[in-house]
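Examining the three-dimensional arrangement
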Amino acid sequence: MRPLEDYLVIDFSQFLSGPSASLRLADMGARVIKVERLGVGDICRTLYTSNLIMNGESSVFHAINRNKESFEVDLKSEEDCEMVRELLKKADIMIHNFRPGVMERLGFDYQSVSEINSSIIYGEISGFGNEESVWRNKPGQDLLLQSVTGLTSLTGNADSGPVAMGLSIIDMLTGAHLAQGLLACLYRKAITNEGGLVQVSMMESAYDFQFETITTFMNDGGALPERSVKNNANAYLGAPYGIYQTQNGYLALAMGSIPVLGKLLECEAMLKFTDIKEAYDKRDEIKAIIAEHLLTGTTEKWLSKLEPADIWCADVLNWEQLMAHDGFKVLNMIQEVEMLDGYKYETTRCPVRIDGELLTSSKGSPKLGQDNEKIIKEFNLKSIASA
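Residues numbered from 1 in each chain as written. Predicted model: local features only at pLDDT ≥ 70, side-chain atom pairs only at ≥ 80, totals over all residues. Heavy atoms only, no water.

Here the protein is partitioned into domain 1 (8-209 + 333-378) and domain 2 (242-323). Taking the mean C-alpha position of each, domain 1 and domain 2 sit 41 Å from one another. (Domains from an automatic or database assignment.)

So, in structure tokens, the structure goes:
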């Protein structure tokens, strides 16, 4: 048995952050029922992140909603709302990521839900928190949150301007934080049968993501981070930290002694930087020397010199190269899942192992409303709503 088997999660969330939290709970054995809007469903079904349409819907929806059930309802209908309330009476967890005030208007805010199920664990995600502020009702979208929280000032070279990360990192982090809070409350519930309210905002998750650099900023006289002019990979780290082009690819170099690195690479110009402070004070000069020198050889040549000396370095791979590599294959990170209509697709598995076992599942994402009949019959919802 998986740790969360027999737990029921009612998930109102859409897009990425909330569904990523319920996905992790589903991977650990929980039963997740997505409550989706009549005729529309999770907006992510039609939110295309590429031109790839899989079985009539977006690839991102399939990636983040596998192993779930879909219950299509009209929350403007009292009969449908009554069916949802009946599900919530039996639920262990409820999740939503609507803007502040939406669930209050619908009658599914924490106070209302806890009145019908005092032991429920209620998880909510907001963009900017629930406190009264000028940002409270702004859309909680990943790029916008990266932008207003300073994250874009850390990536790219000094002359690049603000640079966003190339994936929805704040969405994913916020979902992970919500899952952590929900699991903590599940542990408490197992001991005391006490419910709880777990609140996470994308803004707070974005701040927490930068805890290391923000701590440095606050205790360094308020000096803003300065990205290096060339090969920047961390605004607070000195040379050689960065990614460099070689004759046939790229090489990543982490922290290391400049003269030691110079000796291994047979680069005479690097040997003069013997003061450890120069790695930061003169990092642009040093990085320029490294960048020019590494162009004289292949990635394989440099790795053959650096890896035996235990220098922190790595090849830089794209997804095609990564998936052909034995280091990736041995992890069995890819699984095939199948939808109810027989459509199959490949996706990643849960990264967590429990008792040495991989948490995989063969169940793909649900078609909108595909589980209505089963859920209504199992929970005897129609007769309840009609009563």
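Structure's up, so let's keep going.
Moving on to the sheet that holds strand E8 (residues 196-201). Taken in spatial order, the six strands line up as E5-E2-E1-E6-E7-E8 in an open sheet, and their pairing is parallel. The open sheet terminates on both sides in strands that have one partner only, identified here as strand E5 (69-73) and E8. Going from strand to strand, the sheet's axes swing by 20° on average, the running direction of each strand aside. Bridge count for strand E6 (residues 93-96) against strand E7 (residues 121-126) is four bridges, and the pairing is parallel. Bridge pairing in E7 links Met94 to Tyr122. Sheet strands in contact with helix H3 (residues 78-90) are strand E1 (8-11), strand E2 (31-37), E5 and E6, and its direction is about 145° off that of E5. (Pairing = 2+ DSSP bridges. Helix = DSSP H or I, 4+ residues; strand = E, 2+ residues; numbered from the N terminus. Axes fitted to C-alpha atoms, helices over the stretch in contact; angles between N-to-C directions. Contact = heavy atoms within 4.5 Å.)

Another aspect to go through is the nonpolar core. In terms of nonpolar packing, the biggest core is built from 32 residues, with Leu25, Ile93, Leu178 and Leu182 touching the most fellow members. Contributing elements (two or more residues each) for this core: helix H1 (17-27), E6, E7, helix H7 (169-192), E8 and helix H8 (202-209). The leading source of residues in this core is H7, at eight residues. In contact with Leu178, other than residues within four places in its own chain, are Ala21, Ile95, Gly123, Glu124, Ile125, Val198 and Val200. Ranked by size, the runner-up nonpolar core spans 23 residues in total, among them Ile10, Phe12, Cys81 and Phe379. (Core = buried A, V, L, I, M, F, W, Y, C linked by side-chain atoms within 4.5 Å. Buried < 20%, exposed > 50% of the residue type's maximum accessible area, 1.4 Å probe, protein only.)

What follows concerns the sheet that holds strand E11 (residues 313-315). Strand pairing in a sheet relies on backbone hydrogen bonds. The paired strands run either parallel or antiparallel. With antiparallel pairing, three strands are arranged side by side in an open sheet as E9-E10-E11. Where the open sheet ends on each side, the last strands, each with one partner, are strand E9 (242-245) and E11. With direction set aside, neighbouring strand axes in the sheet form an average angle of 25°. As paired strands, E9 and strand E10 (residues 250-253) are joined by four bridges and run antiparallel to one another. Paired with Ile243 across the strands is Ala252, a residue of E10.

Turning our attention to the pattern of salt bridges. A side chain of one charge can pair with a side chain of the opposite charge if their charged atoms are brought near each other. Counted by the stated rule, this structure contains 19 salt bridges. The residue Lys189 makes a salt bridge to Asp92 at a minimum N-O spacing of 3.1 Å. Of this pair, Lys189 sits in helix H7 while Asp92 is found in the loop between H3 and E6, placing the two residues 97 residues apart along the sequence. Here Lys189 falls in the buried class, since its relative accessible area comes to 10%. Among the residues examined, Asp92 registers a relative accessible area of 14% and is labelled buried. Connected through salt bridges with shared partners, the residues Arg31, Glu69, Asp371, Lys374 and Glu378 form a single ionic network. (Salt bridge = Lys/Arg side-chain N within 4 Å of Asp/Glu carboxyl O.)

Looking now at helix H13 (residues 299-306). The set of residues buried in H13 consists of Thr299, Trp302, Leu303 and Leu306. Buried positions in H13, seen along its axis, are confined to an arc of 100° and lie on one side of it. Close packing links the buried residues of H13 with E10, helix H10 (258-265), helix H12 (283-294) and E11. (Arc of directions from axis to C-beta.)

What follows deals with H1. With respect to burial, H1 is a largely interior element, ten of its eleven residues being buried. Inspection of H1 places Ser17, Gly18, Pro19, Ser20, Ala21, Ser22, Leu23, Leu25, Ala26 and Asp27 among the buried residues, and these make up the whole buried set. In this structure, the buried side of H1 is in contact with E1, E2, helix H2 (59-64), E6, E7 and H7. Directly after H1, the chain includes Gly29, whose backbone phi takes a positive value near 115°.

It is the contact of H10 with H13, at a shortest axis distance of 9 Å, that shows an interaxial angle of 120°. One way to sum up the angle between H10 and H13 is to call them oblique. The chirality of how H10 crosses H13 is right-handed. The segment H10 lies against H13, with Leu261, Leu264 and Leu265 engaging Trp302, Lys305 and Leu306. Here the contact of H10 with H13 is composed, by residue class, of five nonpolar, no polar and one charged. (Parallel < 35°, antiparallel > 145°, perpendicular 65-115°, else oblique. Left-handed = near helix turned anticlockwise from the far one by under 90°. Nonpolar A, V, L, I, M, F, W, Y, C, P; charged D, E, K, R; others polar.)

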